Each structure stands twice: as C-alpha cells, then as structure tokens.
Amino acid sequence: MRIGIDVDDTITNTYENIVSEIADYYHKDYNELLNRKKGYDYFFENEEFPNYNAFAFERYKYIVDKSSIKEDAVNIINKLHSEGHEIIFITARHYGEYDDPYGITLKY
C-alpha cells in the first residue's frame, strides 16, 4: 500500500512552536492564541498580525527545525515501511513561506 503522511502537525508539533513565536513577536498571550484553535491561514492577511508574510518567511525555517516529532511517529512509520508499505511525506510548505521548502523538509 502507498501511504501519504502530512508532516506538520501530523508527525510533528509545529503549530505550537509557530504560535509561540507569533506570541513573542507580536506581544500576544501564547495560551490565548493557542486556544483560538485557528489554522495557519488565520494569521496571514489578518490586521492583528501586520507583515505576517515577512515574519513567516523569516522565522518558519527556524521554527520547523526545532519542532519535535510526535511520540511514536518514527516507530509507527518504520513499522509500516517494514511491512512493505511505501511511505510518502506530504507537505504544504511552499516558497512563499520558505526559501527552500523541499530542502528544509528533507533535512528534517
């Protein structure tokens, strides 16, 4: 079987790290932002977060690099692969947010 697995927030804890950086950068309360339970698109084009595109392009590569892998993700993926399944990693990371989304993801 061919299995596609998304990277951010499926096997990693990326969103919490991004919200933490947003809270620091924009002087907002981390827990309040996290409790809004909005997706990544919420911060783009939102007057509350001016120049967010520039923030994302500057900071996302560092944020994802320090995002941890969720507990047991590696073991489960390795088990599926050892059973003969083809694993394909999927991501919405793109050049608008990263200077090298493929390289950053591959390195990770």
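The coordinates are above.
Reading guide: rules and limits
Residues numbered from 1 in each chain as written. Predicted model: local features only at pLDDT ≥ 70, side-chain atom pairs only at ≥ 80, totals over all residues. Heavy atoms only, no water. Salt bridge = Lys/Arg side-chain N within 4 Å of Asp/Glu carboxyl O. Helix = DSSP H or I, 4+ residues; strand = E, 2+ residues; numbered from the N terminus. Buried < 20%, exposed > 50% of the residue type's maximum accessible area, 1.4 Å probe, protein only. Axes fitted to C-alpha atoms, helices over the stretch in contact; angles between N-to-C directions. Parallel < 35°, antiparallel > 145°, perpendicular 65-115°, else oblique. Left-handed = near helix turned anticlockwise from the far one by under 90°. Contact = heavy atoms within 4.5 Å. Nonpolar A, V, L, I, M, F, W, Y, C, P; charged D, E, K, R; others polar. Pairing = 2+ DSSP bridges. Expected span 1.5 Å × (residues − 1). Bend = angle between axes of the 7 residues up to and from the residue.

**Q** Can you tell me about the pattern of salt bridges, naming the residues and giving the values?
**A** Applying the stated criterion to the full structure yields 10 salt bridges. The salt bridge involving Glu 48 is made with Arg 36; its shortest N-O contact spans 3.0 Å. Remark: Arg 36 occurs in the loop between α2 (30-35) and α3 (52-65) and Glu 48 occurs in the loop between α2 and α3; sequence separation between them is 12 residues. A relative accessible area of 22% places Arg 36 in the partly exposed class. Taken together, the salt bridges that share partners define one network made up of Lys 28, Glu 32, Arg 36 and Glu 48.

**Q** So what's going on with unusual backbone geometry? Residues and values would help.
**A** In the Ramachandran plot, Asp 9 falls in the positive-phi region, its phi being about 70° despite a non-glycine side chain. Looking at the secondary structure, you find Asp 9 in the loop between β1 (2-6) and α1 (14-26). Judged by its relative accessible area of 26%, Asp 9 is partly exposed. Unlike most non-glycine residues, His 27 shows phi in positive territory, near 55°. Within the fold, His 27 resides in the loop between α1 and α2.

**Q** Describe the packing of α1 against α3, naming the residues involved and giving the relevant values.
**A** Closest axis-to-axis distance for the α1/α3 pair is 10 Å, and the angle between their directions is 130°. By the angle between their directions, the pair α1 and α3 is classed as oblique. Between α1 and α3 lies a crossing whose hand is right-handed. In this structure, α1 uses Thr 14, Asn 17, Ile 18, Glu 21, Ile 22, Tyr 25 and Tyr 26 to contact α3, whose residues at the interface are Tyr 52, Phe 55, Arg 59, Tyr 60, Ile 63 and Val 64. For the contact of α1 with α3, the residue count by class is 9 nonpolar, 2 polar and 2 charged.

**Q** Go over the pairing of β1 with me, naming the residues and quoting the values.
**A** Here β1 shows a buried face lined by Ile 3 and Ile 5 and an unburied face lined by Arg 2, Gly 4 and Asp 6. Two strands pair when backbone bridges link them, and β1 and strand β2 (residues 86-90) are joined in this way by 5 bridges, in the parallel orientation. Within β2, the position partnered with Gly 4 by the bridge is Ile 88.

**Q** Give me α3: which residues, what numbers.
**A** Counted at 1.5 Å a residue, the expected span for α3 with its 14 residues is 20 Å, and the 19 Å between its end C-alpha atoms agrees. The largest bend along α3 reaches roughly 50° and is located at Arg 59. The set of residues buried in α3 consists of Tyr 52, Phe 55, Ala 56, Tyr 60, Ile 63 and Val 64. On the buried face of α3, the contacting elements are α1 and α5 (101-107).

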